[in-house]
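Listed below are the residues making up each chain.
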Amino acid sequence: MSTTGDKILDTALSKIGEKSLFTKELENALEKNEVDLVVHSLKDLPTVLPEGFTIGSVLKRENPHDAVVLHPKHKGQCLESLANKSVVGTSSLRRAAQLKKRFPNLEFKDIRGNLNTRLKKLDEKDDFSAIILAAAGLWRMGWENRISQILGPDVCMYAVGQGALAIEVRARDQDILEMVSVLNDSETALRCMAERAFLKQLEGGCSVPVAVYTEVKNSQLYLTGAVYSLDGSDSLKETMQTSISSDSQAEEQEKVDEKVQRVGITALKVSEAPQDAAVKLGVDLGNLLLGKGAKEILTVARQLNDAR
């Protein structure tokens with residue numbers, strides 16, 4: 001199905017200002033019982049879902065990092081080696097903010113469209129030396145040979161939920177919830193709950209530069225979160241961790257109930273304690289950054305973006 005986000009291809013996403021750009025048409029079909037489940041990129045789903053819907057499953061995450069795709073004539077290069085004033089295409093405020101700070105010699109311009117369109121714009125014109133895309137999308141399409149460089153978290157942290165697919169269902173459909181719950185990857189679900197709770201606490205969305213990085217090591221969930229000014233000159237970044245080990249008694253099946261949604265996710269096959277810990281981690285990290293001035297940075301970013 002085509003969505004508004006697929007159709008409006010001449011405007012930067014952050015300027016359209018609609019939260020459910022890639023989801024509304026799908027949710028309408030779900031609401032009318034025309035379909036029973038819809039598959040999204042989790043990063044397209046707002047942290048608060050419309051009444052009556054829930055994410056019944058978060059699938060195992062693909063590589064969540066961003067990738068550099070070079071114009072064929074720059075083959076073998078990387079961002080570091082591109083000539084001064086080379087133009088890099090991305091319509092993500094988050095990517096641009098982080099990369100402008102890191103590569104002040106490069107220029108960043110908006111590029112919209114689906115993967116095919118963006119790759120075509122890169123290859124067939126001379127407007128861009130490189131474009132930045134989610135690695136996951138390229139892998140899923142079988143185009144990983146176009147990836148020249150994967151940007152690690154020290155260079156560019158990713159978007160909330162990036163690289164994970166989500167299955168959205170009607171919250172009251174217990175049988176369908178139960179059916180899709182077997183696809184839940186508990187580590188991905190917990191990481192994404194923490195990320196979504198962080199974003200929700202900051203009241204962030206498409207129109208502000210917010211980035212995250214999560215990892216699980218020895219039953220500890222680590223969440224790094226950051227906010228940036230549009231040009232990347234101003235930023236706040238912190239890391240927190242929490243234990244997500246669960247005792248075996250808590251593994252008993254929870255009752256399927258809309259009330260156990262956490263940031264829009266109903267994870268039936270994941271015990272409650274780690275879910276609560278993951279959400280709390282995101283909220284706590286959000287509050288930590290808010291206490292250090294994140295709201296001011298994001299407010300200015302939003303105002304400047306609106307004025308562009």
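Located above this text is the structure these notes cover.
My aim in this report is to walk through the structure given alongside it, one point at a time. Quick caveat, the model's predicted, so the values are computed rather than measured. (Residues numbered from 1 in each chain as written. Predicted model: local features only at pLDDT ≥ 70, side-chain atom pairs only at ≥ 80, totals over all residues. Heavy atoms only, no water.)

**So, the overall build of the chain**
Helix and strand content of the chain: 10 helices and 11 strands. Taken across its 308 residues, the chain has 52% of its residues classed as buried. Taking the intrachain contacts of the chain between residues at least 6 apart in sequence as the baseline, contacts between residues at least 24 apart amount to 71%. For the chain, the exposed surface amounts to about 14100 Å²; the carbon and sulfur share of it is 49%. (Helix = DSSP H or I, 4+ residues; strand = E, 2+ residues; numbered from the N terminus. Buried < 20%, exposed > 50% of the residue type's maximum accessible area, 1.4 Å probe, protein only. Contact = heavy atoms within 4.5 Å. Areas by Shrake-Rupley, 256 points an atom, 1.4 Å probe, with all protein chains shown as cover.)

**Re helix 8 (residues 186-202)**
Its 17 residues give helix 8 an end-to-end C-alpha distance of 24 Å, which sits within 8% of 24 Å, the value for a rise of 1.5 Å per residue. Along helix 8, 13 of the 17 residues are buried, which leaves the element largely enclosed by surrounding structure. (Expected span 1.5 Å × (residues − 1).)

**Comments concerning the sheet that holds strand 4 (residues 87-89)**
Here we have 5 strands laid out as an open sheet, ordered 5-4-6-3-7, and mixed in their pairing. Of all strands in the sheet, those bounded by a partner on one side alone are strand 5 (107-109) and strand 7 (149-151). Across this sheet, the average inter-strand angle for adjacent strands is 30°, counted without regard to direction. Helix 4 (residues 93-102) contacts strand 3 (66-70), strand 5, strand 6 (130-134) and strand 7 of the sheet and is inclined by roughly 130° relative to strand 6. Against the sheet, helix 5 (residues 115-124) touches strand 3 and strand 6, its axis set at about 165° to strand 6. (Pairing = 2+ DSSP bridges. Axes fitted to C-alpha atoms, helices over the stretch in contact; angles between N-to-C directions.)

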